[in-house]
Amino acid sequence: MDDGIGSGGTAAVRLIRGTPLTEALDPADPRAWTAFDVGVRQVLRYGHALLPEKERTAVLRSGTAGEAASRPGTSARHPATGRSDRLRRWVTAGFHRPAGSPEPPTGLGRLPHGRPGADGLRSGSAGPDARARLALALCHPDGRVREAALERVAGHPVLLPLLVIRAGDRVMPVRERARHLLGERLDVETAVVLAPLILRVGRRDRGTFGLELLDGVLRRAPRERLLPLHTHTDRTVRRFTLRLAVEEGLLSPGELARRAAWDDDAVVQGLCADAALAAPTDGGDWDEVLEPLLGARNPRARSAGVTALRRAGRPERAVEFLIDRSAVVRACARYVVRQHGTDPLPWYRKRCADPAGPAVPPGAVIGLAECGERADAELLWPLLAHPAPAVRARAVAGLRILDVTDAARLLPLLDDPAPGVVRETTTALLPFVGTLPDGLLMARLGAERSRPVRVAAFRLLDARGGLIGLRAAVALLNDPDDKLRRWAGQSVQRWHPGANTPRGEAEVGELLDRARHLFSDYVLHRRKWEAGLTG
């Protein structure tokens, strides 16, 4: 869940070099704090070995071999070790707790590159140097340093995110002290700001304390303070706060229905839609709930609204959703119509009876296949020539659903000008790749063909495999289309001779030699051996 030191280590280095904390990382991004926590430990523990080269060079440029050799316990061959010791001494100077001393010492030593040490922590100032050192100490690899640094967080509200992280610390004294301090300082205003980070840390083994604390604070918060969290950009925050709002009854059924219709997260859609429909509703209140759900763009909310039409006593409205673009909404509409005593199959057949009619709804075509019989395919075959691309595509899909696919009749649709029709045709033809004429498909790989046609042809040839699949893939290794070329290369790399590949076929060896750059010598030799070729 952490982003590692790629970003966190860089933020730590920038902080050490004097960059203000709010510029070294994004305080509003919870991932930045968890990455910073990991990055500081790695920088101080491993001597910057895991940092990007540019940042590692900048930090170590003052740690020469001569300086390292002059310091006791430092190898001249490894100047980074001495440099890391200097950083650790700078970070921990004000936080080590000597034996017998209840309070940490106040000496701060000197900053890197010989800059004068700040007296901010000693005097209680919130200067940038003091804040930087405290932030680094809160993430130090030594738990004693982290514990001592916790005592100073109160004067630096910007560091409260690190207090949240320390509340899930692996060291019990650090964890218990951080939890005590977090419980004292987490009010409604702070909880709203820290909610994304608390929920992120809450995924860890020791993160339940923060979740329980956040839950308790937000349940006591006024309704208006929680509203910004209901539209937060982090979907985890929206899920948590909306679930809380449902349990506490903070939102009306109409508000919940609108949330379900607007939100792009499937979990929130289901949560709010179910809660809106579960609330006691009678009379005209149904309009406030049903209209947002039935008009929602997402099928999850629409299907919930359509299903609720039966309970609301309005099953006749479900008829208009029999041709919905979503399969789940169409299924719910058929359920409601049947419960009302009407069979939707004749309704679908009537809509598909005129193959030349411009008003044939695409949803009726696929709906007929979903609830019809194999005999209904006679209504779908004429629709393959319908002027509307959506109708042609649904007709092909419907024939596949009814399991009445005729490869010979569908093959000409590979040249259809509509990409959607080509895709549906390809899907329908995949079970019949062994019977399709390979010459016709190879001809459609040419650069003069449209991209959907070329993709469809290669998809079918690649699914066929064997010598024909290898021939098609090698033919596209130098294709100007990047995606096709990459796909072809991957197809060659995973190629193995199948049961239909003649053993010892010389063409296989020639094709593999043309793709030599994709294999090591050993793998190339192995592929040829599998194909019955020697040498």
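First, a word on what this report is: a plain description of the structure on this page. (Residues numbered from 1 in each chain as written. Predicted model: local features only at pLDDT ≥ 70, side-chain atom pairs only at ≥ 80, totals over all residues. Heavy atoms only, no water.)

A closer look at the overall build of the protein chain
Check the secondary structure of the protein chain and you find 32 helices and zero strands. The 535 residues of the protein chain split such that 49% are buried. Partitioning the contacts of the protein chain with sequence separation of at least 6, the portion at a separation of at least 24 is 60%. Element-wise, carbon and sulfur atoms account for 52% of the exposed surface of the protein chain, whose accessible area totals about 25,000 Å². (Helix = DSSP H or I, 4+ residues; strand = E, 2+ residues; numbered from the N terminus. Buried < 20%, exposed > 50% of the residue type's maximum accessible area, 1.4 Å probe, protein only. Contact = heavy atoms within 4.5 Å. Areas by Shrake-Rupley, 256 points an atom, 1.4 Å probe, with all protein chains shown as cover.)

Points about empty space enclosed by the protein
Inspection of the entire model under this criterion finds one cavity of 30 Å³ or more. Within this model, the largest cavity holds a volume of roughly 60 Å³. Taken together, Val164, Ala167, Gly168, Arg179, Ile198, Val201, Gly202, Arg206, Gly207, Phe209 and Gly210 make up the full set of residues lining the largest cavity. For the lining of the largest cavity, the secondary structure elements donating two or more residues are α12 (188-201) and α13 (208-219). For the lining of the largest cavity, the residue count by class is five nonpolar, four polar and two charged. (1 Å grid on protein atoms, 1.4 Å probe; cavity = no way out; pocket = protein on both sides within 12 Å on 5 of 7 lines; lining within 4 Å. Points joined across faces, edges and corners; volume = space filled by probe spheres on them. Nonpolar A, V, L, I, M, F, W, Y, C, P; charged D, E, K, R; others polar.)

Side note on the packing of α12 against helix α15 (residues 235-248)
Each pair of packed helices can be summarised by the angle the axes make with each other and by the distance between the axes. Interhelical geometry of α12 versus α15 gives an angle of 95° and a closest axis separation of 9 Å. Taken together, the axes of α12 and α15 lie roughly perpendicular to each other. From α12, Ala195, Pro196 and Leu199 reach across to α15, where they touch Thr236, Val237 and Phe240. Across the contact of α12 with α15, the residue classes break down as five nonpolar, one polar and no charged. (Axes fitted to C-alpha atoms, helices over the stretch in contact; angles between N-to-C directions. Parallel < 35°, antiparallel > 145°, perpendicular 65-115°, else oblique.)

Regarding the pattern of salt bridges
Taken as a whole, this structure holds 36 salt bridges when the rule is applied. Across the pair Arg177 and Glu151 runs a salt bridge, and its minimum N-O distance is 3.1 Å. Of this pair, Arg177 sits in helix α11 (residues 172-185) while Glu151 sits in the loop between α9 (143-150) and α10 (160-166), placing them 26 residues apart in sequence. Note that Arg516 and Asp513 form a salt bridge whose closest N and O atoms lie 3.0 Å from each other. When its relative accessible area of 32% is taken as the criterion, Asp513 is described as partly exposed. (Salt bridge = Lys/Arg side-chain N within 4 Å of Asp/Glu carboxyl O.)

Remarks on the packing of aromatic side chains
For the structure shown, the criterion picks out two aromatic pairs. Centroid distance Trp347 to Tyr348: 5.5 Å. Interplanar angle 80°. Geometry classified as edge-to-face. Seen in terms of ring centroids, Phe458 and Trp487 are 4.8 Å apart; in terms of plane orientation they differ by 85°. Their pairing is edge-to-face. One end of the pair, Phe458, is in helix α28 (residues 451-464); the other, Trp487, is in helix α30 (residues 482-493), and 29 residues separate them in sequence. (Phe/Tyr/Trp six-rings, centres within 6.5 Å; stacked < 30°, edge-to-face > 60°.)

Describing the layout of surface pockets
Volume-wise, the largest pocket comes out at about 270 Å³. At the level of secondary structure, the elements contributing two or more residues to the lining of the largest pocket comprise α3 (30-46), α10 and α12. In terms of residues, the lining of the largest pocket owes the most to one element, α12, which gives five residues. Per-class residue counts for the lining of the largest pocket are 11 nonpolar, two polar and one charged.

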